[in-house]
Amino acid sequence: MDLHAFRSALPDRFGGDFYSADLPDDAFEKIVADVDGMSTPHSLTLLNEAVRHLGPDEYYLEVGTYRGRSLIGAMLGHEHDRFVAIENFREFGFDPEIAQATVFDTLEKWGVRDRVRFLRGEAFTVLPRGVTPGPVGVYFYDGAHSRLAQYLGLAVAEEWLADEALVIVDDATWPQVASSTQSYIDAHPGYELLHDFRAEHDFDPLWCNGVKVYAWRRPQNWQRPDGFDVSWRRLAHIYGQEPVMNFAWRTLPKFPRVSAILKKAYLHGGTSVPEGRLDAE
Ligand SMILES: C[S@@+](CC[C@H](N)C(=O)[O-])C[C@H]1O[C@@H](n2cnc3c(N)ncnc32)[C@H](O)[C@@H]1O
C-alpha cells in the first residue's frame, strides 16, 4: 500500500474539504441511491481512493458487506480482481439465502460480481485461516460492533496485512467502537491514526457513525496477535455472544413491536454518537 500517495491524493477526492456535503464525483451517490446499506457517499469515496493505492499483488478485504454497498463503492473503476468480502448474513433478521441472492444480483448489476471472492461465513472463524492469495493492503472492518467483535475484527486481520496497509474502521464515533479499537491499538503497536472522520449524530449523511483510518506498518519485532487478550474474546464471541445475537435476530421478526424497540436500542441506544462530536480534521 502506498500510504504516502493515499494521504496526498485523498483531500482532492473531497474537493479539499472532508466535511463538505458536495463531493466532486457523484458516482457514489448513485450507488447509495441504488444499493441498500449504511455507508455514505463519503465513506465510499474514501474506500475507492484507498483501493487506488494498493500494491500490485495486494488485496482489498472487507468484513460486513450487508447488501454490497461498500464493496461496490470500493471496486468502482478499479478493474482488477483483488477483492475479498466476508459476510455471515446473521444480523438484521433477514433470510440469509435471500440476502445472499440479493447481494449477488446487485454485484452482477454493477458489473463486479466476477471479480470478488465472496465468503459467506463468520469472520472470526474464516479469517484466521487466511482468505486472500496475497497480502491485504486495505482492510475495511464493518462487521459486528460489540466490544468483543470490534477488538477481534482488528486482531484476526492483522497477520494478513501487507507490511504497510490501511485499516479502516466504520462506526468509529460510537463509544464502544472507539474504546475497543483504542484498547486494541494500545496493546498492539504499528497503528497510526491518519483520519478520524466524525459523525455529528447517528447516521450523519456525511460520515454516518464515523470512520477512522489507520496506517499500519509492521513493527520489526512483530508477533501474530494470538495472545490471551484475543483468545478469550474469540471464545466469548463465538460460543457466547454470537449465538445469542443470532437467536435474537432470527426470533425477533416474529415479534415486530419488540423487534422495532430492540433494533432501535441496538442501533442507537448503547451505541449512539455523542452529540456535537463533529470535529474538524
Ligand atoms: C453495518 S452492516 C455492513 C454495511 C455495509 N458495509 C454497507 O456499506 O452497507 C454489518 C454487516 O456485518 C455482518 N456481520 C456482522 N458480524 C459479522 C461476522 N462476525 N462475520 C461476518 N459478517 C458479519 C452483518 O450480517 C451485517 O450485514
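Everything below is about the structure shown above.
So, here is what we can say about the structure in this document. In this text the structure is predicted, and so the values were computed from the model without any measurement.

## Notes on the packing of helix α2 (residues 27-34) against helix α3 (residues 41-52)
Between α2 and α3, the shortest axis-to-axis distance is 9 Å and the interhelical angle comes to 120°. Considered as vectors, α2 and α3 are oriented oblique to each other. The handedness of the crossing between α2 and α3 is right-handed. The residues of α3 that touch α2, namely those facing Phe28, Glu29, Ile31 and Val32, are Pro41, Leu44, Thr45 and Asn48. For the contact of α2 with α3, the class distribution of residues is five nonpolar, two polar and one charged.

## What to know about unusual backbone geometry
One non-glycine residue, Tyr66, adopts positive backbone phi at about 55°. Structurally, Tyr66 can be placed in the loop between β1 (59-63) and α4 (69-75). Take Tyr66: its relative accessible area is 15%, and that puts it in the buried class. Phi is positive for Phe203, which is not a glycine, with a value near 55°. Locating Phe203 in the fold gives a position in the loop between β6 (191-197) and β7 (211-217).

## Examining the nonpolar core
Counting residues in hydrophobic clusters, the biggest one holds 42 residues, and the most contacted among them are Phe6, Leu46, Tyr60, Ile168, Phe197, Trp207 and Val213. Looking at which element gives the most residues to this core, the answer is α3, with five residues. Among all residues touching Tyr60, those that are not within four sequence positions of it are Leu47, Val51, Leu54, Ser70, Leu71, Ala74, Arg82, Phe83, Val84, Val138 and Phe140. Tyr59, Val126, Val136 and Trp174 belong to the second largest nonpolar core, which has 34 residues in total.

## Some thoughts on the sheet that holds β7
Read across the open sheet, the seven strands follow the order β3-β2-β1-β4-β5-β7-β6; overall the sheet is mixed. Among the strands making up the open sheet, the edge pair consists of β3 (116-120) and β6. Across the sheet, the axes of successive neighbouring strands diverge by a mean angle of 15°, strand direction being ignored. Bridging between β6 and β7 involves six bridges; their strand directions are antiparallel.

## Details of the packing of helix α7 (residues 147-158) against helix α9 (residues 228-251)
Remark: α7 packs on α9, axes separated minimally by 9 Å, with the N-to-C direction vectors making an angle of 125°. Considered as vectors, α7 and α9 are oriented oblique to each other. In this structure, α7 crosses over α9, and the sense of that crossing is left-handed. Along its contact with α7, which presents Leu148, Ala149, Tyr151, Leu152 and Ala155, the element α9 presents Asp229, Val230, Trp232, Arg233, Arg234, Ala236, His237 and Gln241. Of the residues contributing to the contact of α7 with α9, the split by class is eight nonpolar, two polar and three charged.

## Digging into the environment of Gly37
Along the chain, Gly37 falls in the loop between α2 and α3. For Gly37, a relative accessible area of 22% gives the class partly exposed. C-alpha of Gly37 to C-alpha of Tyr66: the two residues are 29 residues apart in sequence and 6.6 Å apart in space. Excluding residues that lie within four positions of it along the chain, Gly37 makes contacts with Tyr66 and Arg69.

About the thresholds
Residues numbered from 1 in each chain as written. Predicted model: local features only at pLDDT ≥ 70, side-chain atom pairs only at ≥ 80, totals over all residues. Heavy atoms only, no water. Axes fitted to C-alpha atoms, helices over the stretch in contact; angles between N-to-C directions. Helix = DSSP H or I, 4+ residues; strand = E, 2+ residues; numbered from the N terminus. Parallel < 35°, antiparallel > 145°, perpendicular 65-115°, else oblique. Left-handed = near helix turned anticlockwise from the far one by under 90°. Contact = heavy atoms within 4.5 Å. Nonpolar A, V, L, I, M, F, W, Y, C, P; charged D, E, K, R; others polar. Buried < 20%, exposed > 50% of the residue type's maximum accessible area, 1.4 Å probe, protein only. Core = buried A, V, L, I, M, F, W, Y, C linked by side-chain atoms within 4.5 Å. Pairing = 2+ DSSP bridges.

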